[in-house]
Amino acid sequence: KREAEEQEALRSQMLKTLSSLDSSISAIPSEALAKAGAMMQEYIPDEDAELVAKAGQTALAMSKASNAFAERIYDTMRSEHGVGPALEAAGLDPEMMALTAQAVKEPRWLLWEGPSNRENLARWLAGDIAALALSGEGGPLNGRFVFGPRGVGKSSLLVAGCVAAGVFSRIKSLPAAGRPVVPVYVDMLRATWLYELCAAHAAGREHAWLNPLSPLPCMMDRALQLAGHRPRVDEEPDLSRWKLYPWFATPQEVCEFLEANKLNMLVVMDEADEPYKECGNIIARELDLLRGDSPQMIYYVSGSAAAMRDILFEPTRVDTGVYDVKKFRYKKSHSDKQIPLPPLEPLSSLEDHAKAIVAAGSAFSNFHSDATRFLANSRCPDERALFGKTVLRVGGVLRALLSKPTNVPETPPLGLDKMQLDIIATGHGRQLASVFAAHFKFVIKGLCPETVLDQLVSPSVGFPALGLDIGKLSARVSEKSGESVAAEALMSSLSTLSDCGVLTLAEAKWRPVSWTAVLSIMLVDEGDCSLPFEARDDLSHATVGAKTTEPVLAQAFCKSAAKSAHFVGTASEGQRESLLRSLERLSLVDDAAVAKVVNLKWDDVREDASVLREGMLYKPSPDKGVDIVLLVRDPESQLVHLLLLQAKATSSGAADAGKSTDSSLTGWNKIVPRFTAQVDSWRDFHPVSLSLLRDGESLVVWNVVVTNKDVNENALHGRVPAEIGIHEGALRMAMFGGVDGAATSSCGRIHGPHWVVAFGDHLLSGLPPAVLDWARNVKRQAWGGHTAAEAAGAADQAEA
């Protein structure tokens, strides 16, 4: 009994391992392909059958036959359903090759007009299928490399090509010299575990029987089993024979089997860049063995990471810290046996987006009706803007447009939201976003997040103009960060952003994949600001939301302090003038943008005071009651101003205009204690503040409350000073360890804290125009009690 239980446990473990292997492979049973091939005559008239059947042994005759057959394959795979009807009539389970939505039930090549190399790839596939099916070999140049950013449709084309190879190589009219093609699709990302086992030389007991030291031949072997050309190891009842199964160990063994059984093979190695990051030398060895020594096979290597081209053709340029390609450098270049096809490009114009969606059909895209309506009215500006908003929000790549949105909460956010998260999560991501955003604004005058939609609708420049080479990126990131950042140090981040569909490498320059990527980069640069829900249907306007309220109010205060600041307490006239002079000189961002915010950890400032740089908006962590920290210097008075700013504002979610004003500014009984809680959480505020000073300088600490509410005279001169008086003792104790306002233990080098309240129409006039436009368009009452449209005039009137 125990032995039986052990055998059953072992079988279960081995089946689990086999299931993991199968998850990375897609193959179609040979019998089903034969039935589908026999059905092709019924669905696609065999106009070239006579020419194909009479193909003689001469090179000219074979070339003509092959070209005609390739053209027929190309035309069929461009038709509405491709080989789908024949497969359905043959009773083939469409899930067998269910790698992408477009290739599930209707394997075909989704092509459209525009600056794209998709048609070129489709013709290569058609020619390779014809060569394998007619001549019986793939020729000396039997490898192809396909590069392109994620989401442009590489997998869709390659999977459909796999299916087509299996079907067309079995049609009745082929000459006797032809051979059936075994289509094999390998998802290298899912097979990474197998390569990791091989790299670690850790063929554990549960995997040893699989021969994992040769991953690619092992997967080809399993594909031949699933297709019915080799005995399936899992159908053997005796487990001891599983361990004796002669798995293929080299590509040559696979080719010998194909030759002995008069078969050919079309292999697609998709997502090949992923295992390269850890196991590049193993794949290098496998591809080296495939080079020209496998005429029974044509293989396609597909990847999204931009480094893949260099890995295969210029390995000396590849950073070994990112990709393990050391052994690749001792091998010959693949350029003599593997052909680098032109990279696939993402969709560019709105017309291209619409044609791709319509060609896919309503069954594969939730945006089919939007695209159909747009094509019917593509010259109408309103229709262009409406469809452009949809494309910009979704992501603008084929994968996003063809995926049907679901209501499942776990579903990742769509293009615009996800790209921002991807950029933020990438090392050097924020620095690269800042460099690219500045370059975008230089190339396209007046570009800001609110005008990206205009570029998508009517582009003034093409994506090539938005690119930067690695040298310039390295120099500009170094300048931004204040320290040298080598080009090699950026390659990992750029490769990751390429994987995420944000950037791509073309003509030796890194450039955005889509206008969605441009918008995402600019939003990350402008303070990690995401568009709130209310405005996602109207991307032509900037918005104020949970992540943007504090920076826009801080920015407005800096620009309008001379007119909007109301001083409360005992700050000297010289200190006030120095503060206003410093803020007047400060320019955080241009007038159209939302201020950038950088996260601040006080512990970092304790270790190195230079971390807190001048003229930057900082978001404290942890956030206990201060929303923004700002440091400015006034050389004229040798005063350094440390501003702790709290935004007390009605957010964009206010229900109505009546809730946006508060004549008495209630809540001061909580405002001062919140400043105190923040300083308490920081620890060592006094010595750290002193470390910010240079010789001869003094520090002035300002507690600033910025609000979109009106504050009347009674509150400003009555309740506000009273609440400060009640709680300020605890605040001084937290800051300086005493209640002496002059902080005498510091020899008079620290002054304050002094209080400032900023509000009113002048504060409103300091808000970015984009925010005012947003308020006007969504019909929200402007801050300060006036409509956004009246804001500028109200400020001028108040001044008069």
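For the structure itself, look to the data block above.
A quick note: this is a predicted structure, and the numbers were derived from the prediction, not measured.

Peer 1: Please clarify how the overall build of the protein should be interpreted in this entry.
Peer 2: What the protein contains, in helices and strands, is 32 helices and 15 strands. Going through the 800 residues of the protein one by one, you find that 55% of them count as buried. Once local pairs closer than 6 in sequence are excluded, the contacts in the protein between residues at least 24 apart make up 76%. Only carbon and sulfur atoms are counted for the fraction: they give 51% of the accessible area of the protein, which is about 33,000 Å².

Peer 1: Just to check I follow, could you spell out the packing of helix H19 (residues 429-443) against helix H21 (residues 470-481) for this structure?
Peer 2: For any two helices packed against each other, the geometry is given by the interaxial angle and the distance between the axes. Contact geometry for H19 and H21: axes closest at 9 Å, N-to-C directions at 110 degrees. Judged by the inter-axis angle, H19 sits roughly perpendicular to H21. The crossing of H19 and H21 is right-handed. For the pair H19 and H21, contact is made by Gln 431, Leu 432, Ser 434, Val 435, Phe 436 and His 439 and by Leu 473, Arg 476, Val 477, Lys 480 and Ser 481, respectively.

Peer 1: Would you take a moment to explain the environment of Gly 462 for this structure?
Peer 2: Here Gly 462 is to be found in the loop between helix H20 (452-457) and H21. Exposure remark for Gly 462: the relative accessible area of 39% places this residue in the partly exposed category. Spatially, the C-alpha atom of Gly 462 lies 8.7 Å from that of Ser 348, the residues being 114 residues apart in sequence.

Peer 1: Explain the pairing of strand S5 (residues 297-303) to me, please; I cannot follow it from the model alone.
Peer 2: Within a regular strand, side chains alternate between the sheet's two faces. Taken across its seven residues, S5 has seven buried, putting it largely inside the fold. Burial of the side chains of S5 extends over both faces: Met 297, Tyr 299, Val 301 and Gly 303 are buried on one face and Ile 298, Tyr 300 and Ser 302 on the other. Across five bridges, the pairing between strand S2 (residues 143-147) and S5 is parallel. Bridged to Gly 143 within S5 is Tyr 299.

Peer 1: Teacher, can you tell me more about the packing of aromatic side chains here?
Peer 2: The way to describe two aromatic rings as a pair is by their centre distance and the angle between their planes. Counted by the stated rule, this structure contains twelve aromatic pairs. Where Phe 675 meets Trp 755, the ring centres are 5.3 Å apart and the plane angle is 80 degrees; that geometry is what we call edge-to-face. With a gap of 80 residues between them, Phe 675 in helix H27 (residues 668-682) and Trp 755 in strand S15 (residues 750-758) connect regions that are remote in the sequence. Residue classification places Phe 675 among the buried residues on the basis of a relative accessible area of 1%. Members of the aromatic cluster, joined through ring pairs, are Trp 602, Trp 682, Phe 685 and Phe 736. For the cation-ring pair, Arg 230 lies above Phe 248, with the distance from its terminal atom to the ring centre recorded as 4.1 Å.

Peer 1: Looking at this structure, I do not really get the sheet that holds S5. What am I missing?
Peer 2: Strands in a sheet are paired, the pairing made by backbone hydrogen bonds, and the direction either parallel or antiparallel. Read across the sheet, six strands follow the order S1-S3-S4-S5-S2-S6 without closing on themselves; strand pairing throughout is mixed. Whereas interior strands pair on both sides, the edge strands pair on one side only; in this sheet they are strand S1 (25-27) and strand S6 (338-340). Across this sheet, the average inter-strand angle for adjacent strands is 20 degrees, counted without regard to direction. The pairing of S1 with strand S3 (residues 181-187) spans three bridges and is antiparallel. Bridge assignment links Ile 25 to a residue of S3, and that residue is Val 186. Contacts from helix H6 (residues 118-134) reach S2, S3, strand S4 (264-270), S5 and S6, with the element oriented near 160 degrees to S5.

Parameters and conventions
Residues numbered from 1 in each chain as written. Predicted model: local features only at pLDDT ≥ 70, side-chain atom pairs only at ≥ 80, totals over all residues. Heavy atoms only, no water. Helix = DSSP H or I, 4+ residues; strand = E, 2+ residues; numbered from the N terminus. Buried < 20%, exposed > 50% of the residue type's maximum accessible area, 1.4 Å probe, protein only. Contact = heavy atoms within 4.5 Å. Areas by Shrake-Rupley, 256 points an atom, 1.4 Å probe, with all protein chains shown as cover. Axes fitted to C-alpha atoms, helices over the stretch in contact; angles between N-to-C directions. Parallel < 35°, antiparallel > 145°, perpendicular 65-115°, else oblique. Left-handed = near helix turned anticlockwise from the far one by under 90°. Pairing = 2+ DSSP bridges. Phe/Tyr/Trp six-rings, centres within 6.5 Å; stacked < 30°, edge-to-face > 60°. Lys NZ or Arg CZ within 6 Å of the ring centre and 35° of its normal.

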